[in-house]
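Below, each chain spelled out in residue letters.
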Amino acid sequence: AQSVTQPDIHITVSEGASLELRCNYSYGATPYLFWYVQSPGQGLQLLLKYFSGDTLVQGIKGFEAEFKRSQSSFNLRKPSVHWSDAAEYFCAVGPPLGGYQKVTFGTGTKLQVIP
Amino acid sequence: EPEVTQTPSHQVTQMGQEVILRCVPISNHLYFYWYRQILGQKVEFLVSFYNNEISEKSEIFDDQFSVERPDGSNFTLKIRSTKLEDSAMYFCASRTGRFRDVSNEAFFGQGTRLTVV
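**Some words on the overall build of chain B**
For chain B, the helix and strand inventory stands at 0 helices and 11 strands. The N-to-C order of helical and strand elements in chain B reads β-β-β-β-β-β-β-β-β-β-β. In terms of overall dimensions, chain B has C-alpha extents of about 45 × 25 × 25 Å along its principal axes. Every one of the 117 residues in chain B was classed for burial, and the buried ones make up 45%. Counting contacts in chain B only where the partners sit at least 6 residues apart, residues at least 24 apart contribute 55% of the total. In the structure as shown, chain B presents an accessible area of about 5900 Å², 46% of it carried by carbon and sulfur atoms. Across chain B, 12 positive and 15 negative side-chain charges occur, with their mean positions spaced 1 Å apart.

See below:
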């Protein structure tokens, strides 16, 4: 069964510092991998996605993520965090091309940004 | 850009009442989903729907829940007799699902916040 692990429930970084949010997945085939961001009381916004090809993917708001098959990881990074990045971040895994199966979410990492 | 639309954005209902949450998926999508997020918790899968039938459901999706695509554009989630623990944000999502479609991610609506009192 597919699963996603986000080991960090809560992370605090200073504004301007770099950020890395960890994500490990378990999936029987080559999955789609996603990162979503959710501001308090809001919906889910897709930051970036990985299907195939270059293992370093660029997303919106200056975020990037690197797929490492050997480690079953898809960590999210940002070189310099802004106060507006404070939100909850969800890693998710989805079915390969054409599959109907659900997208499975990790438990989320809540990011706090301090001045 | 096409988007998934959910209505209402917030609904308050009394325990034991029936509620219907409405979603308009993206028009050429084939797969539809409902997810639930209890406040402060993870996003949980409820049900997936394809070709006018449920293709997968979670243990959360018991007999109190049902889904329907009544008119080819709307996708609804009905909770027959709401309980306090049904209070959550409910997200609808849709995907193209077409084989080898590179835009195969799920597009999520903004959610309906259901409060059961």
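Back to the text.
**Observations regarding the pattern of salt bridges**
Residues and elements named next belong to chain B. The final tally for this structure, using the stated rule, is 6 salt bridges over all chains. Across the pair Arg36 and Glu44 runs a salt bridge whose closest N-O atoms are separated by 3.3 Å. Judged by relative accessible area, which is 10%, Arg36 ranks as buried.

**Regarding the nonpolar core**
Ranked by size, the top nonpolar core spans 27 residues in total, and within it Leu19(A), Trp35(A), Leu47(A), Leu48(A), Phe74(A), Leu76(A) and Tyr89(A) carry the most contacts. Elements supplying a minimum of two residues to this core: strand 2 (10–14), strand 3 (19–21), strand 5 (32–38), strand 6 (45–50), strand 8 (64–68), strand 9 (73–78), strand 10 (87–94) and strand 12 (109–114) of chain A. Sort the elements by how many residues they give to this core and strand 10 of chain A lands first, with 4 residues. Apart from residues no more than four positions distant in its own chain, Leu19(A) is found in contact with Ile11(A), Val13(A), Phe63(A), Leu76(A), Arg77(A), Lys78(A), Val81(A) and Leu111(A). Core analysis: the second largest hydrophobic core is formed by 22 residues, Cys23(B), Leu46(B), Ile60(B) and Val116(B) among them.

**A look at the state of the cysteines**
One pass over the structure, following the stated rule, counts 2 disulfides over all chains. There is a disulfide in this structure between Cys23(A) and Cys91(A), and the S-S distance comes to 1.9 Å. Where Cys23(A) bonds to Cys91(A) through sulfur, the torsion about that S-S bond is close to -65°, and the disulfide is left-handed. With a gap of 68 residues between them, Cys23(A) in the loop between strand 3 and strand 4 (24–26) and Cys91(A) in strand 10 connect regions that are remote in the sequence. Across the pair, Cys91(A) and Cys23(A) agree in class, each one buried. Here Cys23(B) engages in a disulfide with Cys92(B); their sulfurs sit 1.9 Å apart. The chirality of the disulfide connecting Cys23(B) with Cys92(B) is left-handed, given an S-S dihedral of about -65°. Placement of the pair is Cys23(B) in strand 3 (residues 19–24) and Cys92(B) in strand 9 (residues 88–95), with a sequence separation of 69 residues. For the pair Cys23(B) and Cys92(B), a shared accessibility class is recorded, and that class is buried.

Cut-off values and rules
- Residues numbered from 1 in each chain as written.
- Chains lettered and ligands numbered in written order.
- Predicted model: local features only at pLDDT ≥ 70, side-chain atom pairs only at ≥ 80, totals over all residues.
- Heavy atoms only, no water.
- Helix = DSSP H or I, 4+ residues; strand = E, 2+ residues; numbered from the N terminus.
- Buried < 20%, exposed > 50% of the residue type's maximum accessible area, 1.4 Å probe, protein only.
- Contact = heavy atoms within 4.5 Å.
- Areas by Shrake-Rupley, 256 points an atom, 1.4 Å probe, with all protein chains shown as cover.
- Lys, Arg positive; Asp, Glu negative; His and termini not counted.
- Charge placed at Lys NZ, Arg CZ, Asp CG, Glu CD.
- Salt bridge = Lys/Arg side-chain N within 4 Å of Asp/Glu carboxyl O.
- Core = buried A, V, L, I, M, F, W, Y, C linked by side-chain atoms within 4.5 Å.
- Disulfide = S-S within 2.5 Å.

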